[in-house]
Protein chains: 2
Amino acid sequence: MDAEAIKQSLEGSGLRCTPQRYAVMAFLMEHNRHPTAAEIFEAVNRADPRSSRATTYNNLRDLVQAGLVREVAVEGRAARFDVKGMRHHHFICDRCGEVEDMAWYDVPKPAKGSLGKRIVRECELIFRGLCTKCAPRRASG
Amino acid sequence: MDAEAIKQSLEGSGLRCTPQRYAVMAFLMEHNRHPTAAEIFEAVNRADPRSSRATTYNNLRDLVQAGLVREVAVEGRAARFDVKGMRHHHFICDRCGEVEDMAWYDVPKPAKGSLGKRIVRECELIFRGLCTKCAPRRASG
DNA sequence: TCAAGTATTTAGATTATATCTAATATGACA
DNA sequence: TGTCATATTAGATATAATCTAAATACTTGA
Ligand SMILES: [Mn+2]
Ligand SMILES: [Mn+2]
Ligand SMILES: [Zn+2]
Ligand SMILES: [Zn+2]
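Residues numbered from 1 in each chain as written. Chains lettered and ligands numbered in written order. Predicted model: local features only at pLDDT ≥ 70, side-chain atom pairs only at ≥ 80, totals over all residues. Heavy atoms only, no water.

## What to know about the coordination of the manganese ion (ligand 2)
A metal bound by six donors in octahedral fashion has ideal angles of 90 or 180 degrees, whereas one bound by four tetrahedral donors has an ideal angle of 109.5 degrees.
Residue and element names in this part refer to chain B.
Inference 1: Distances from the manganese ion (ligand 2) to its protein donors, H34 (NE2), D82 (OD), H88 (NE2), H90 (NE2) and D101 (OD), fall within 2.1 to 2.2 Å.
Inference 2: Of note, the donors binding the manganese ion (ligand 2) are all from one chain and are spaced H-x47-D-x5-H-x1-H-x10-D. With H34 in the loop between α2 (19-30) and α3 (37-44) and D101 in strand β4 (residues 99-103), the pair connects residues that are 67 residues apart, well separated along the chain.
Inference 3: Exposure remark for D101: the relative accessible area of 30% places this residue in the partly exposed category. (Donors = N, O, S within 2.8 Å, 3.2 Å for Na, K, Ca; no water. Helix = DSSP H or I, 4+ residues; strand = E, 2+ residues; numbered from the N terminus. Buried < 20%, exposed > 50% of the residue type's maximum accessible area, 1.4 Å probe, protein only.)

## What to know about the coordination of the manganese ion (ligand 1)
Residues and elements named next belong to chain A.
Inference 1: At 2.0 to 2.2 Å from the manganese ion (ligand 1) lie its protein donor atoms, namely H34 (NE2), D82 (OD), H88 (NE2), H90 (NE2) and D101 (OD).
Inference 2: All donors to the manganese ion (ligand 1) come from one chain, and their sequence spacing reads H-x47-D-x5-H-x1-H-x10-D. Each member of the pair, D82 as well as H88, carries the same accessibility label: buried.

## Notes on unusual backbone geometry
Inference 1: The phi angle at A:H34 is positive, at roughly 60°, despite the residue not being glycine.
Inference 2: For A:H34, a relative accessible area of 2% corresponds to the buried category.

## Describing the interface of chain A and chain B
Inference 1: Across the contact, 36 residues belong to chain A and 36 residues belong to chain B.
Inference 2: At the boundary of chain A with chain B, total buried surface from both sides reaches about 3000 Å², with 61% on carbon and sulfur atoms.
Inference 3: By the criterion of area lost to chain B, the three top residues of chain A are A:R118, A:I119 and A:R128, representing 21% of everything that side buries.
Inference 4: Taken together, the connections running from chain A to chain B amount to six salt bridges.
Inference 5: Residue B:D94 pairs with A:R121 through a salt bridge whose shortest N-O separation is 2.7 Å.
Inference 6: Inspection of the region where chain A meets chain B yields 16 residue pairs in polar contact (both at pLDDT 80 or more). (Contact = heavy atoms within 4.5 Å. Buried area = accessible area lost by both parts, 1.4 Å probe. Salt bridge = Lys/Arg side-chain N within 4 Å of Asp/Glu carboxyl O. Polar contact = N/O pair within 3.5 Å; in protein donor to acceptor, adjacent residues only side chain to side chain.)

Below is the structure:
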């Protein structure tokens, strides 16, 4: 991955490019697998420099706030994260909780009247059902 | 609310209509406010009979599995619940985490090819931004 | 160059949320 | 009524995330 590009995007958002923060970002860019914070923590610590759990959570929070990373809440499970590169929707498996990317397509905006004073920042489409791994065992489960 | 209707829908799903389970369902039908499990637990215990925390969670899990109730995961906060009566979308506030209903409208299904072996059960549209209460304090916040 | 201020990291404690356990109670139905 | 599956319970436990306060690293500008 392009180290310089990561540095740019961090600094462009007013965040220092620390080794710990860089490692989180690089890991997310290399694995579009929607890892949990715990998985990211473990992964970035396989290589040096070591990063504490608090720092991993802090950095994920900062990256989400900066709009570089998205947090996906999954009922009953740890949150998952991905880089906000290309726009896409998500598929979440009822059975195993896996989050998978779905091709992006435009979503019709809500009628003006129904918004009131709310300010809409984004619009997210989530498909739910059984993933490729879980679909076959549907009956047994 | 129609007590008999609640009883019917529980038994129609193979669930006994126990006082504790009924209380959860009745509370959700009276308050379309998306309460958390903790709020439901507290609310149903203001009246008799008393229901334990484990039972409240167990019943919410059963009701979700039966398709009568929906669980809405909110990043960094407790899950929220609502009855699956009329179809609707959700608006989730970035700042305070409030979940609000939005008028339902049809969502275009994904292209056939993009699904693979996945089985889609439902399709959920989530709007994010600032709610009516939080929008004014945007800058300060 | 260096002092001072700010941002970041850290280990471990703490909180928040949800589930598990194993004992008891309840209800369906033969 | 007796049997058995279902449901409830208090409290312990697990899991996920945040907080704390001290140390470290970087930035700025005299
Ligand atoms: Mn994704
Ligand atoms: Mn709702
Ligand atoms: Zn799955
Ligand atoms: Zn709000």
